[in-house]
Amino acid sequence: MSEFFASGFWTDFLWPLIVMIAQSLLLLILLLIAIAYILLADRKIWAAVQIRRGPNVVGPWGLFQSFADLLKFVLKEPIIPAGANKGVFLLAPLVSCVLALAAWAVIPMDLGWVISDINVGVLYIFAISSLSIYGIIMAGWSSNSKYPFLAALRSAAQMVSYEVSIGFVIITVLLCAGSLNLSAVVEAQNTHGLGGLIGLPRLTFLNWFILPLFPMFIVFYVSALAETNRPPFDLVEAESELVAGFMVEYGSTPYLLFMLGEYVAITTMCAMATILFLGGWLPPIATVPFTWVPGVIWFTLKVLFMFFLFAMAKAVVPRYRYDQLMRLGWKVFLPLSLAMVVVVAGVLQFAGIAPRWGRNACLYKRYSPLAFAFGIRIGVFSRHALFLPAEADAELSVREGAAVASLPRRARAAPLS
């Protein structure tokens, strides 16, 4: 048995797989519990705007209302229309829910608190959000009914329209961060920005991208509302026109999966706004007592703030017409976001403050008049030592053979041959 645990199969494959599965299950459980209370908060905020109490019967202050709804949906009998394609009909809500949950695999909630810290995390999130349309199209087509089919067509056009704007918004952030890694995007807002330029590096909120890219933050917020079919852009399920949209024929657990996928997607967009514009897990001021608060707490508070904005839009703004929705996406947001990409790229290039390196390092040029005027200095990172001229030193010992075995694994160099 000891030989098995010492083998490469256990250390390099099986044990990392077990750890990843355990981390995924823990994240899934915490996320589902958080969604239950986010759903309750959505109903409470809507009730407060309308001067109502909202859910207040099940549990103290109505805290168990979402779990009672879960029990009700699970115990109901699922009804499948006679003319529906049963396989696709049941697969559609599962696709929507699984894709929404899969996006959280690359979202960092604190430094190192991420299931998979891949270097193309932004592209992964964008791809997952694009695939979520398939669940809605499958539901609309397989229901064999005109209302769900019309709602699916509306949803396809709506989500494609606003994905373009979200893509350009993300490009502007990546130009400033210099990396596709989400953790690197947060770290780029830690040390470099307006706070460093004016001599106040501890005011980290001045480095957040929401200040220089505030128009893009507004475009991202509105586009996220449309992308997740939230009011005032819930034309997919407009009650006065399409009854309940693509979910007309659904009930019990399949309907529950659709709603769960929708709220998980909303939470994902709130987390993306937090990472891209609000500094992720960074405290607003890098001094005591703010630094005593764990980063995951700051991340949660910012996500809840973004969800509050989502909930207030649902409660305050009236529903758009479909022509207004399309005009806003194609004639306003698309030209604005495209122009901002050009402006941001031009400012970064000609001001000499464009990041030249990738992950976790924002190295700025200093060979331009503006950069020199602000006194921007080039930082020296550990990897720069690779390019420094080496000088021989007879007093330095070289470890070979058995002496190398005493070093940690990370300190050993791989053989050239």
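Not measured: the values here are computed from a predicted model. (Residues numbered from 1 in each chain as written. Predicted model: local features only at pLDDT ≥ 70, side-chain atom pairs only at ≥ 80, totals over all residues. Heavy atoms only, no water.)

A. Quick look at the packing of helix H7 (residues 146-177) against helix H12 (residues 252-277). Where H7 contacts H12, the two axes come as close as 10 Å, and the packing angle between them is 30 degrees. As summarised for this structure, H7 and H12 are arranged roughly parallel, according to the angle between their axes. Crossing handedness for the pair H7 and H12: left-handed. Every residue of H12 that contacts H7 at Ile166, Val169, Ile170 and Val173 is listed here: Met269, Leu276 and Phe277. Split by residue class, the contact of H7 with H12 holds seven nonpolar, no polar and no charged. (Axes fitted to C-alpha atoms, helices over the stretch in contact; angles between N-to-C directions. Helix = DSSP H or I, 4+ residues; strand = E, 2+ residues; numbered from the N terminus. Parallel < 35°, antiparallel > 145°, perpendicular 65-115°, else oblique. Left-handed = near helix turned anticlockwise from the far one by under 90°. Contact = heavy atoms within 4.5 Å. Nonpolar A, V, L, I, M, F, W, Y, C, P; charged D, E, K, R; others polar.)

B. Summary view of a nonpolar patch on the surface. On the surface, Ile29, Ile33, Tyr37, Trp61, Leu63, Phe64, Phe67, Leu70, Leu71, Val74 and Leu75 cluster together into a nonpolar patch covering about 1100 Å² of accessible area. At the level of secondary structure, the elements contributing two or more residues to the nonpolar patch comprise helix H2 (8-49) and helix H3 (65-75). Its location among the elements puts leucine 63 in the loop between H2 and H3. Since its relative accessible area comes to 32%, leucine 63 is described here as partly exposed. (Patch = residues over 30% accessible without salt bridge, like charges linked within 9 Å, V, L, I, M, F, W, Y side chains within 5 Å. Areas by Shrake-Rupley, 256 points an atom, 1.4 Å probe, with all protein chains shown as cover. Salt bridge = Lys/Arg side-chain N within 4 Å of Asp/Glu carboxyl O. Buried < 20%, exposed > 50% of the residue type's maximum accessible area, 1.4 Å probe, protein only.)

C. Structural view of the pattern of salt bridges. In total, this model carries five salt bridges according to the counting rule given. Note that arginine 43 is salt-bridged to aspartate 69, the shortest N-O span being 3.1 Å. With arginine 43 in helix H2 and aspartate 69 in helix H3, this residue pair connects regions lying 26 residues apart in the sequence. Note on aspartate 69: relative accessible area 16%, which makes it buried. Residue arginine 319 is joined to aspartate 234 by a salt bridge in which the shortest nitrogen-to-oxygen separation is 2.9 Å. With arginine 319 in the loop between helix H13 (295-316) and helix H14 (322-350) and aspartate 234 in the loop between helix H10 (214-227) and helix H11 (239-242), this pair connects stretches of sequence that are 85 residues apart.

D. Quick look at helix H8 (residues 182-191). Judged by how many residues are buried, H8 sits mostly within the fold: seven of 10 residues are covered. Where H8 is concerned, the buried positions are Leu182, Ser183, Ala184, Val185, Val186, Ala188 and Gln189. If you follow the buried residues of H8, they end up packed against helix H5 (121-131), H7 and H12. The N-capping residue of H8, defined by a side-chain oxygen 2.9 Å from the backbone nitrogen of serine 183, is asparagine 181. Following H8 by one or two positions, glycine 193 has its phi on the positive side, about 155 degrees. (Polar contact = N/O pair within 3.5 Å; in protein donor to acceptor, adjacent residues only side chain to side chain.)

E. A look at the packing of H2 against H12. Put simply, H2 and H12 touch, their axes get as near as 10 Å, and they point 90 degrees apart. By the angle class used here, H2 and H12 are roughly perpendicular. Side by side, H2 and H12 meet where Leu31, Leu32, Ile35, Ile38, Leu39 and Asp42 of the first sit next to Leu260, Tyr263, Val264 and Thr267 of the second. Looking at the contact of H2 with H12 residue by residue, the classes come out as eight nonpolar, one polar and one charged.

F. A look at the packing of aromatic side chains. As enumerated under the stated definition, the model contains 13 aromatic pairs in all. With 5.9 Å between their ring centres and 55 degrees between their planes, phenylalanine 220 and phenylalanine 277 make a pair best called tilted. Here phenylalanine 220 is found in helix H10, whereas its partner phenylalanine 277 is found in helix H12, with 57 residues between them in sequence. Phenylalanine 277 shares its class with phenylalanine 220; the two are buried. Taken together, the ring pairs connect Phe89, Phe246, Tyr250 and Phe258 into an aromatic cluster. Across the ring face of tyrosine 147, the terminal group of lysine 146 is positioned such that the distance to the ring centre comes to 5.5 Å. (Phe/Tyr/Trp six-rings, centres within 6.5 Å; stacked < 30°, edge-to-face > 60°. Lys NZ or Arg CZ within 6 Å of the ring centre and 35° of its normal.)

G. Quick look at the environment of tryptophan 104. Within the secondary structure layout, tryptophan 104 lies in the loop between helix H4 (86-102) and H5. A relative accessible area of 5% means that tryptophan 104 is categorised as buried. Separated by 21 residues in the primary sequence, tryptophan 104 and isoleucine 125 place their C-alpha atoms 8.4 Å from one another. Contact partners of tryptophan 104, with chain neighbours within four places excluded, come to Leu27, Leu31, Met109, Val264, Thr267, Thr268 and Ala271. Reaching out from tryptophan 104, the side chain makes a polar contact with the side chain of threonine 268 at a distance of 2.9 Å.

H. Up close: the nonpolar core. Residues Phe209, Leu213, Phe220, Phe277 and Phe310 are the most contacted members of the largest nonpolar core, which totals 73 residues. Broken down by element, the residue count for this core peaks at 11 residues, all from H12. If sequence neighbours within four positions are ignored, phenylalanine 220 has contacts with Ile166, Val169, Met269, Met272, Ala273, Leu276 and Phe277. Formed by 14 residues, the second largest nonpolar core is a distinct cluster that contains Ala84, Ile133, Ile136 and Phe246. (Core = buried A, V, L, I, M, F, W, Y, C linked by side-chain atoms within 4.5 Å.)

Note that all results are geometric; they support no functional claim without further evidence.
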